[in-house]
Amino acid sequence: MQTAFPAVVISGTGLYRPPHVITNAELVEAFNRYADLQNEQHADAIARGERQALTHSSVEFIEKASGIKQRYVIEKDGVLDPARMYPRFEPRPDEQISLLAEIGVDAARKALAQAGKTGADVDAVLCAASNMQRAYPAIAIEIQQALGAGGYGFDMNVACSSATFALEQAVNAVRSGTAKCVLVVNPEITSGHLEWRDRDCHFIFGDVATALVVERADTATSADQWEVLGSKLATQFSNNIRNNFGFLNRSEDRDPGDRDLTFRQEGRKVFKEVVPMAAAHIEAQLAALGLEPTQMQRYWLHQANLGMNQLIIKKLVGAEAGSETAPLILDEYANTSSAGSIIAFHEHRADLEAGDAGVICSFGAGYSIGSVVVKKR
C-alpha cells in the first residue's frame, strides 16, 4: 500500500531590509563622476583609440532598462565614492557573528515569530544565496547556533534560484520525515559582488535577507498557512550570467580587480532565452498538477527585470496582467537575487483567501529555474 505524504506548509516568512537607500539619481551622480575621473585619467589612451571613453548613465536609462527606481544596501558611502565604487565592510573576528549570518538571523526570527515557532522548534536550516561570505564553516550552521536550532544545516547556491531550490529540499525533508520544521534563509549581500563601475549593470542589485518556515501542516499553528502543492526545478548550462570569483583565484595569480571576478551578464541574450523557458516551465508544472495558468490568483516572480516579468505573465495568461496578478517589488528593492520572489510572496499575499493558489518562481544564472505552487489553507 502506498503511503500518503503529509501535507507541508509554509507557515511564516521574514524580511530583513537594510537601513540605507540609494536612489537612481544618487547612483547616476556617483557613476558619472567615476566615468569622468576615468576618462580624464586615461585621456591620452582614449585619444589614441587604445581605450574607449566611459559613457554617462542616467535615471531614464536605468528605469527604461529595468523598472528599478531605488535599492537598499547595508553600506552606502563606499558604493557612492567614485574613487572606490563598492561597499566598505569592517572585518569581524571569528568570535563575532558574520555579516551574512547576522542579516539571515534577523529575517529568520521574523519568520519564526510569524509561524509561532522558536529556534528550538527548528531541526534543519538551509542557507541558500547567490554568494556565501566564506567557504566554511557553513553560514547555515552559524545561523542554526544563533537561533538555538537543532538538527543540521548546510549552505547551497543556485544563484537567483537558490531560494526556490532550497524550498524544494525543505519540503522533501519534511515529507520524508528527516525533519519536522525547516528554516530556509536567503541572505543576499549583492552589493559585494555587483560591478558598480559598469554602466550596463551598475543599477541592478540591492541587499536584503528573507526567510521561510516550512513544516508539516498538522504541526502548524500560524494563522497564515500555504500548502505546497508541488515544486519543479530545472537547470541548463549557460555562460550568459557569470561570476568567476572563488578560492582558486589566488592560485591563478589573479588581480582581485579583474572584471570577471564580479557579476556580469549578456542581458539581451538572457532576456530572449529565459522568458520562454520560464513560461514553459511554469505551464508544464501546472499541467502536471491538473491546473491552468489562469487558475492562479497570483504569480510571485523573480524580480530581475520588469519587462521579463510582464512578458512571462503575458505568455501564461494570454493578456496584460496588472500588479494584482504579478506584484512588483523590483522598483523599490531592485534585483535581490534569490530573495526577490520571496519578498513578493512576503509582501503580497495577505489579500488572498482560503483556496486561492499561486506560483513562486525564480530564474537566473545557470540557467536555473525553480517554481513552487502553493495554496492558502
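A.B. asks: With reference to specific residues and values, describe the overall build of the protein.
C.D. replies: Each helix and strand counted, the protein has 10 helices and 13 strands in total. What you see for the protein is a C-alpha radius of gyration of 21 Å, in line with the 21 Å of a compact globule of 377 residues. The C-alpha extent of the protein, read off along each of the three principal axes, is 80 × 55 × 35 Å. A total of 377 residues make up the protein; the buried ones form 53% of that total. Within the protein, residue pairs in contact and separated by at least 24 positions form 77% of the contacts whose partners lie at least 6 positions apart. Total accessible area on the protein stands at roughly 17,000 Å², and carbon and sulfur atoms take up 49% of it. Of the side-chain charges in the protein, 36 are positive and 47 negative, and the distance between the mean point of each set is 3 Å.

A.B. asks: Go over the side chain of Asp224, please, and point to the residues and values.
C.D. replies: Mapped onto the secondary structure, Asp224 falls in the loop between strand E7 (208-216) and strand E8 (226-235). Here Trp226 takes part through its side chain, which lies 3.0 Å from a polar atom of the side chain of Asp224. Setting aside chain neighbours within four positions, we find Asp224 in contact with Ile10, Ser11, Arg349 and Lys376.

A.B. asks: So what about unusual backbone geometry? Which residues, and what values?
C.D. replies: Across the chain, the bulk of peptide bonds are trans and the bulk of non-glycine residues have phi less than zero. Omega for the bond connecting Tyr136 with Pro137 falls within 30 degrees of zero, at -5 degrees, which places this linkage in the cis form. For Pro137, the position within the fold is in the loop between strand E4 (124-128) and helix H5 (139-147). Between Gly366 and Tyr367 the backbone carries a cis peptide bond, its omega angle lying at -5 degrees. Structurally, Tyr367 can be placed in the loop between strand E12 (357-364) and strand E13 (368-376). A positive phi angle, near 55 degrees, is found at Asp253, a position not held by glycine. Of note, the phi angle at Ser337 is positive, near 55 degrees, even though the residue is not glycine. Position of Ser337 among the secondary structure elements: in the loop between helix H9 (330-333) and helix H10 (340-347).

A.B. asks: Requested: an account of the sheet that holds E13, with residues and values cited.
C.D. replies: A sheet is described by the order of its strands in space; here nine strands give the open sequence E5-E4-E6-E7-E1-E8-E13-E12-E11, paired in mixed fashion. Two strands bound the open sheet, and with one partner strand each, they are strand E5 (152-156) and strand E11 (298-301). Between one strand and the next, the sheet's axes are offset by a mean angle of 25 degrees, whatever the strand orientation. Strand direction decides the pairing type here: strand E6 (residues 181-188) and E7, joined by eight bridges, are antiparallel. For Glu188, the partnering residue across the bridge sits in E7 and is Val208. Here helix H7 (residues 267-288) sits on the sheet and contacts E8, E11, E12 and E13; the angle it forms with E13, its principal contact strand, is near 40 degrees.

A.B. asks: Please provide a residue-by-residue account of the pattern of salt bridges, values included.
C.D. replies: Throughout the structure, instances matching the rule amount to 18 salt bridges. Between Arg48 and Glu50 there is a salt bridge, with the nearest N and O atoms lying 2.9 Å from each other. The class of Arg48 is exposed, set by a relative accessible area of 54%. As a salt-bridge pair, Asp258 and Arg254 come within 3.0 Å of each other at their nearest N and O atoms. Its relative accessible area of 27% is what places Arg254 among the partly exposed residues. One salt-bridge network, in which partners are shared between bridges, spans Glu252, Arg254, Asp258 and Asp260.

A.B. asks: Which residues make up helix H8 (residues 306-317), and what are the values?
C.D. replies: Its 12 residues give H8 an end-to-end C-alpha distance of 17 Å, which sits within 8% of 16 Å, the value for a rise of 1.5 Å per residue. Every buried residue of H8 is listed here: Met308, Asn309, Ile312, Ile313 and Leu316. Projected onto a plane normal to the axis of H8, the buried residues spread over an arc of 125 degrees and lie on a single side. If you check the start of H8, you find a side-chain oxygen 2.8 Å away from the backbone N of Gly307, and it comes from Asn305. A positive backbone phi angle near 75 degrees is found at Gly318, which sits one or two residues after H8.

Definitions and cut-offs
Residues numbered from 1 in each chain as written. Predicted model: local features only at pLDDT ≥ 70, side-chain atom pairs only at ≥ 80, totals over all residues. Heavy atoms only, no water. Helix = DSSP H or I, 4+ residues; strand = E, 2+ residues; numbered from the N terminus. Rg over C-alpha atoms; globule rule 2.2 N^0.38 Å. Buried < 20%, exposed > 50% of the residue type's maximum accessible area, 1.4 Å probe, protein only. Contact = heavy atoms within 4.5 Å. Areas by Shrake-Rupley, 256 points an atom, 1.4 Å probe, with all protein chains shown as cover. Lys, Arg positive; Asp, Glu negative; His and termini not counted. Charge placed at Lys NZ, Arg CZ, Asp CG, Glu CD. Polar contact = N/O pair within 3.5 Å; in protein donor to acceptor, adjacent residues only side chain to side chain. Pairing = 2+ DSSP bridges. Axes fitted to C-alpha atoms, helices over the stretch in contact; angles between N-to-C directions. Salt bridge = Lys/Arg side-chain N within 4 Å of Asp/Glu carboxyl O. Expected span 1.5 Å × (residues − 1). Arc of directions from axis to C-beta.

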